[in-house]
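Descriptive structure summary
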Amino acid sequence: MSSAPLRVVLADDSYLVREAITHVLAAAPEIEIVATCEDGDGLRAAVEAELPDVVLTDIRMPPSGDDEGITIANGLRETHPDIGVVVVSQYADPRYGVALLEGGSDGRAYLLKERLHDRGQLVSALEAVAGGGSVVDSKVVEALISARARAEASPLAELTQRELEILSEIAQGKSNMAIAEHLVLTKRAVEKHINAIFLKLGLTQAEDFSRRVKAALIYLSQQPDSAPEGV
C-alpha cells in the first residue's frame with residue numbers, strides 16, 4: 001500500500017518559477033502541491049490553512065524583498081517544528097546559508113534554482129526535510145567554506161564584537177564623541193577600544209587621523225559585496 005503524497009506549499013514571487021516548479025513536480029506522484037504563493041504574507045496564510053508537510057520557498061520575496069524565505073523558515077521552527085522547509089536561491093550566498101542553518105539543520109534544505117529542473121533531486125530534498133533530514137547544495141557548502149576561510153584570514157578576526165561595532169562607526173566617519181553617544185559608552189571607553197583596535201590591526205606607528213583612515217579602509221575591504229538582485 002503506497003503512502004500518501006507529501007503535501008507541499010510553494011512560494012516564489014516569480015510566476016514563471018512557480019509554473020516551472022509545478023510542472024516539474026506534476027510528474028512526481030509522491031508530491032502534491034496544495035497551495036502556491038507569491039509573497040511572504042501569502043505563504044504564512046497558506047501554512048496556517050493547509051498545514052503542509054513541507055514548504056518550498058524562494059529566499060527573496062515581498063513584502064521585505066530581502067530574506068523573507070529565511071525569516072519564515074526560522075519562524076516555523078517555533079510555530080510548526082514538524083514542517084520541513086526547502087529554500088531555493090539563484091545564488092550560493094553564504095550569509096543566507098548561515099542564517100538558515102544557525103538554528104539547526106534538521107528539516108532544512110538549501111538548493112540553487114539551477115537544480116530545480118532535476119525532478120529527482122528536488123523530490124529527494126523535499127522528502128529529506130519532511131523526515132527531519134537536511135540537504136545543502138554542494139555549491140552552497142563551497143561558498144560557506146570559502147567564507148569561513150576568508151573570515152579566519154581576515155585581520156578583523158582578532159577583534160571583539162564591541163571593537164567591530166566601534167570600527168564600523170569609525171568607517172562611517174564618526175568622531176569618538178559621536179560613537180560614544182550612539183553606543184551609549186563613555187568617551188574614555190571608546191578611546192580605549194580604539195587603541196586596542198589599532199594595536200590588533202598593527203596600526204601603531206602613525207598619526208591618529210591616518211590610523212583611523214587605514215582602520216576604516218581595512219574594515220571596508222573585508223565587507224562582503226551586496227547580494228545580487230533576483231535571489
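Residues numbered from 1 in each chain as written. Predicted model: local features only at pLDDT ≥ 70, side-chain atom pairs only at ≥ 80, totals over all residues. Heavy atoms only, no water.

Right, let's talk about the overall build of the protein for a bit. The secondary structure content of the protein amounts to 10 helices and 6 strands. Within the protein, the fraction of its 231 residues that count as buried is 39%. Sequence-distant contacts, at least 24 apart, represent 66% of the contacts inside the protein between residues at least 6 apart. (Helix = DSSP H or I, 4+ residues; strand = E, 2+ residues; numbered from the N terminus. Buried < 20%, exposed > 50% of the residue type's maximum accessible area, 1.4 Å probe, protein only. Contact = heavy atoms within 4.5 Å.)

This part covers helix α5 (residues 119–130). If you check α5, its first and last C-alpha atoms are 16 Å apart, about what 12 residues at 1.5 Å a residue would give, namely 16 Å. Where α5 begins, the capping side chain belongs to Asp118, and its oxygen is found 3.2 Å from the backbone nitrogen of Gly120. Within two residues after α5, Gly132 carries a phi angle of roughly 90°, on the positive side. (Expected span 1.5 Å × (residues − 1). Polar contact = N/O pair within 3.5 Å; in protein donor to acceptor, adjacent residues only side chain to side chain.)

Moving on: the nonpolar core. Leu43, Val55, Ile70, Leu76, Val87 and Tyr110 are the most contacted members of the largest nonpolar core, which has 23 residues in total. Sorting the residues of this core by element identifies β1 (6–11), β2 (31–37), α2 (40–50), α3 (68–79), β4 (84–89), α4 (94–101) and β5 (108–112) as the ones contributing at least two each. Top contributing element to this core by residue count: α3, with 4 residues. Contact partners of Leu76, with chain neighbours within four places excluded, come to Val47, Val55, Pro81, Ile83, Val85 and Arg108. With 19 residues, the next largest nonpolar core counts Val8, Leu111, Leu116 and Ala125 among its residues. (Core = buried A, V, L, I, M, F, W, Y, C linked by side-chain atoms within 4.5 Å.)

Further remarks concern the pairing of β4. Most of β4 sits out of view: 6 of its 6 residues are buried. Neither face of β4 is open: one carries Gly84, Val86 and Val88, the other Val85, Val87 and Ser89, and all of them are buried. Pairing analysis gives 5 bridges linking strand β3 (residues 54–58) to β4, with the strands arranged parallel. In the strand pairing of β4, Leu56 is matched with Val86. In this region the chain leaves β3, passes through α3 and returns to the parallel neighbour β4; the handedness of that crossover is right-handed. (Pairing = 2+ DSSP bridges. Right-handed = clockwise from strand over helix to strand, strands pointing away.)

A few words on the sheet that holds β1. Taken in spatial order, the 6 strands line up as β2-β1-β3-β4-β5-β6 in an open sheet, and their pairing is parallel. Only two strands of the sheet have a single neighbouring strand rather than two, namely β2 and β6 (134–136). Taken pair by pair, the neighbouring strands of this sheet meet at an average axis angle of 20°, ignoring direction. Here β1 runs beside β2; their pairing, made up of 6 bridges, is parallel. Counted as the bridge partner of Leu10 is Thr36 from β2. Each of β1, β2 and β3 is contacted by α2, which is oriented at about 135° to β2, the strand it contacts most. (Axes fitted to C-alpha atoms, helices over the stretch in contact; angles between N-to-C directions.)

Within β1, 5 of the 6 residues are buried, which leaves the element mostly enclosed by the surrounding structure. With helix α1 (residues 15–26) bridging β1 and the parallel β2, this β-α-β connection has right-handed handedness. Alignment of β1 against β3, held across 4 bridges, turns out to be parallel. Within β3, the position partnered with Val9 by the bridge is Val55.

Here we take up the confidence of the model for the protein. Averaged over the protein, the pLDDT score is 86; the fraction of residues at 70 or greater is 88%. At the low end of the mean pLDDT range in the protein sits helix α6 (residues 138–153), at 67; at the high end sits β1, at 98. Below pLDDT 50 for its whole length, residues 226–231 participates in 20 contacts with residues either more than four positions away or in separate chains. (pLDDT = per-residue confidence, 0-100.)

As a further point, take the packing of α2 against α3. Interhelical geometry of α2 versus α3 gives an angle of 25° and a closest axis separation of 10 Å. The angle between α2 and α3 places the two elements in the roughly parallel class. In this structure, α2 meets α3 at a crossing whose hand is right-handed. Here Gly40, Leu43, Arg44 and Val47 of α2 come into contact with α3, specifically with Glu68, Thr71, Ile72 and Leu76. Broken down by class, the residue content of the contact of α2 with α3 amounts to 4 nonpolar, 2 polar and 2 charged. (Parallel < 35°, antiparallel > 145°, perpendicular 65-115°, else oblique. Left-handed = near helix turned anticlockwise from the far one by under 90°. Nonpolar A, V, L, I, M, F, W, Y, C, P; charged D, E, K, R; others polar.)

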